[in-house]
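Chain and residue survey
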Amino acid sequence: MTKHKGTNKKLSFISIYFLGINGVIGSGAFLLPQVIYKDMNLMSVAVLLCAALTVSMVALCYADLASRFSESGAAWIYSYNAFGRFTGFELGIFIWFLGCCTLSAEVVALLTTLKSFLPVFGNPTVYYGSVFGLIILFSIINFFGRSLVTLVDNASSAAKMITILVFIIIGAFTIHLAHFSPVIPAAAMAGPKPLLTHFGAAFSVVFYLFTGFSFLPIAAEQMNNPEKNIPRVLIAVMVSVTILYALMMLVAIGILGTRMTEFSTPIANAFKAGVGEWGYILVIVGMLISIFGVAFTASFNTPSLIASLADQHAMLPKFIGKKNRYNAPWVGIILTAIVSGLLVTQSYLFLVSCIVLASFVQYVPTIFADIKFLHNNQFPAHGFKLPGKYTIPVLALLISFYMVTNFTAKTIIVGAGVAILAGIAYFFIQRDKEKRH
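Attention in this report is confined to the structure presented alongside it.

Rules used in this analysis
Residues numbered from 1 in each chain as written. Predicted model: local features only at pLDDT ≥ 70, side-chain atom pairs only at ≥ 80, totals over all residues. Heavy atoms only, no water. Helix = DSSP H or I, 4+ residues; strand = E, 2+ residues; numbered from the N terminus. Rg over C-alpha atoms; globule rule 2.2 N^0.38 Å. Buried < 20%, exposed > 50% of the residue type's maximum accessible area, 1.4 Å probe, protein only. Contact = heavy atoms within 4.5 Å. Areas by Shrake-Rupley, 256 points an atom, 1.4 Å probe, with all protein chains shown as cover. Core = buried A, V, L, I, M, F, W, Y, C linked by side-chain atoms within 4.5 Å. Salt bridge = Lys/Arg side-chain N within 4 Å of Asp/Glu carboxyl O. Expected span 1.5 Å × (residues − 1). Axes fitted to C-alpha atoms, helices over the stretch in contact; angles between N-to-C directions. Parallel < 35°, antiparallel > 145°, perpendicular 65-115°, else oblique. Left-handed = near helix turned anticlockwise from the far one by under 90°. Nonpolar A, V, L, I, M, F, W, Y, C, P; charged D, E, K, R; others polar. Phe/Tyr/Trp six-rings, centres within 6.5 Å; stacked < 30°, edge-to-face > 60°. Lys NZ or Arg CZ within 6 Å of the ring centre and 35° of its normal. Patch = residues over 30% accessible without salt bridge, like charges linked within 9 Å, V, L, I, M, F, W, Y side chains within 5 Å.

Further remarks concern the overall build of the protein chain. Along its length, the protein chain carries 16 helices and zero strands. The C-alpha atoms of the protein chain give a radius of gyration of 21 Å, which matches the 22 Å a tight globule of 437 residues would have. Projecting the C-alpha coordinates of the protein chain onto the three principal axes gives extents of approximately 70 × 50 × 40 Å. Burial analysis of the protein chain (437 residues in total) assigns 56% to the buried set. Once local pairs closer than 6 in sequence are excluded, the contacts in the protein chain between residues at least 24 apart make up 83%. Split by element, the accessible area of the protein chain, about 17800 Å² in all, is 70% carbon and sulfur.

Okay, here's the thing in structure tokens:
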């Protein structure tokens, strides 16, 4: 298969950049700081920087591959060209599963935020009625195409950035230096094993904060000059997000100190402690708009992922890629709603672990694909040169494998289940194709 240029290029560099910022910074930025702090205290900022460096290595592999292909699809397209149909199919299903997990996690995050100040959402009937209702609402809206997506996405991005910048700039003046102690929990200092355990637990959660970058190359054909713009945007987004996360963590710790672990919405409560009730309201409103926007965007993009498997290279039966008169992939929307509806019954932290696992599953074959193309130069890079040739992919691979040691048995079972079901589906789809031919 030869490399070809996309024909429907619309998005400029700056548009892709803000799309990337909105895709990476989600609910985790507002809801997970206390989880990270619990394991590593002030050193959680160092863990964040380690995770950023790790994910940046993976992102550089994506940047190299994005410079070689202008097709939409990202990881599954790269693996398809490197290792064949079966690997591409498995990756495609996992990326769709990742999208379903992201949608479910954001919906759960939205209700978790509401529950923190509206006790009625603590009622199981109200809670589950709301989460299922949101999944159904998003699905109904998506049946009518992408008319609302750009508006919601822009509003979400603006609310998110304004909230974060106001929190960092104003919150910095309310920091108490004494709150930066302890630097690391006493339990983590008991020996090398406890330290590694605490570090691993924090690292897995922090890793989640950066996983959204992998969705950027998925819509490559809608971007202007994707071979050059995607690599540059990936690097710019990772640097920007790392700076914002580190500053948010430092300000939140500086305001709350050890009280960080007391709140399910730590950023909102930190601002409340720093400036008063208006700070809490500002962050909560910004969070709600931001999380709603990310959930809505995920509900739109995820059905397109499974539809693309049917449309490109006929990886799934043709009917799965069917679109209605609004050009919406209606079969993909229904399938996404069903899977997301099942996942939304799980806890936020479990969904986060599933997202990290699904990300790991797509990272490893993608890195191997990059190593293969670096070696044989089968698809020459356009406008991007990976520094050190094999060094970054090998380091990214080693650190990605380290992630396996931090997954719970339940998460691994879910991942294995998805892989097995995808393998069975592939077998029957291929057998049906052979019968018809």
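Alright, that's what it looks like, and here's the rest.
Here the focus is the nonpolar core. Ranked by internal contacts, the top residues of the largest apolar core, which has 148 residues, are Phe-167, Phe-210 and Phe-213. The leading source of residues in this core is helix H6 (residues 85–115), at 18 residues. Sequence-distant contacts of Phe-213, that is, excluding residues within four places in its chain, are made with Val-24, Val-55, Val-58, Ala-59, Tyr-62, Leu-234, Met-238 and Tyr-363.

This part is about the environment of Gly-286. With respect to the helices, strands and loops of the structure, Gly-286 is situated in helix H12 (residues 277–311). Residue classification places Gly-286 among the buried residues on the basis of a relative accessible area of 5%. Sequence separation between Gly-286 and Phe-407 is 121 residues, and the spatial gap between their C-alpha atoms is 31 Å. Residue contacts for Gly-286: discarding those within four places in its chain leaves Ala-159 and Thr-163.

Following the criterion strictly, the structure yields three salt bridges and no others. Asp-64 is paired through a salt bridge with Arg-68; the nearest N and O atoms lie 3.1 Å apart. The class of Asp-64 is buried, set by a relative accessible area of 1%. Its salt-bridge partner being Arg-259, residue Glu-262 comes within 4.0 Å of it at the nearest N-O pair.

The subject of this paragraph is helix H9 (residues 192–208). Here H9 spans 24 Å end to end across 17 residues, near enough to the 24 Å set by a 1.5 Å rise per residue. Burial in H9 covers these residues: His-198, Gly-200, Ala-202, Phe-203, Ser-204, Val-205, Val-206, Phe-207 and Tyr-208. Summarising the contacts, the buried residues of H9 are in contact with helix H2 (28–31), helix H3 (33–40), helix H4 (44–66), H6, helix H14 (348–376) and helix H15 (391–402).

What follows concerns the packing of H4 against H14. Where H4 meets H14, the closest approach of the two axes is 9 Å, and the angle between their N-to-C directions is 50 degrees. Here H14 runs oblique to H4, going by the angle between their axes. As for the relative orientation of H4 and H14, their crossing is left-handed in sense. Taken together, the residues of H14 that come into contact with H4 (itself represented by Val-58, Cys-61, Tyr-62, Asp-64 and Leu-65) are Gln-362, Tyr-363, Thr-366, Ile-367, Ala-369, Asp-370, Phe-373 and Leu-374. In terms of residue class, the contact of H4 with H14 is built from nine nonpolar, two polar and two charged.

Applying the stated criterion to the full structure yields 20 aromatic pairs. Ring geometry for Phe-203 and Phe-207: centres 6.0 Å apart, planes at 40 degrees, overall tilted. Of this pair, Phe-203 and Phe-207 are both found in helix H9, four residues apart, which corresponds to roughly one turn of the helix. No difference in accessibility class separates Phe-203 from Phe-207, as the two residues are buried. One aromatic cluster in this structure is built from Tyr-62, Tyr-78, Phe-199, Phe-203, Phe-207 and Tyr-363. The side chain of Lys-115 reaches across the aromatic face of Tyr-127, ending 4.9 Å from its centre. If you follow Lys-272 out to its NZ or CZ, it ends over the ring of Tyr-280, 5.2 Å from the centre.

Right, let's talk about the packing of H6 against H14 for a bit. The N-to-C vectors of H6 and H14 enclose an angle of 155 degrees; their axes lie 9 Å apart at closest approach. It follows from the interaxial angle that H6 and H14 lie roughly antiparallel. Pair H6 / H14 crosses with left-handed handedness. For the pair H6 and H14, the contacting residues are Thr-87, Leu-91, Phe-94, Ile-95, Phe-97, Leu-98, Cys-101, Thr-102, Ser-104, Ala-105, Val-108 and Ala-109 in the first and Tyr-348, Leu-351, Cys-354, Ile-355, Ala-358, Ser-359, Val-361, Gln-362 and Pro-365 in the second. Tallied by class, residues from the contact of H6 with H14 come to 16 nonpolar, five polar and no charged.

On the surface, Tyr-128, Phe-132, Ile-136, Ile-140, Phe-144 and Tyr-326 cluster together into a nonpolar patch covering about 560 Å² of accessible area. Here Ile-140 is to be found in helix H7 (residues 124–142).

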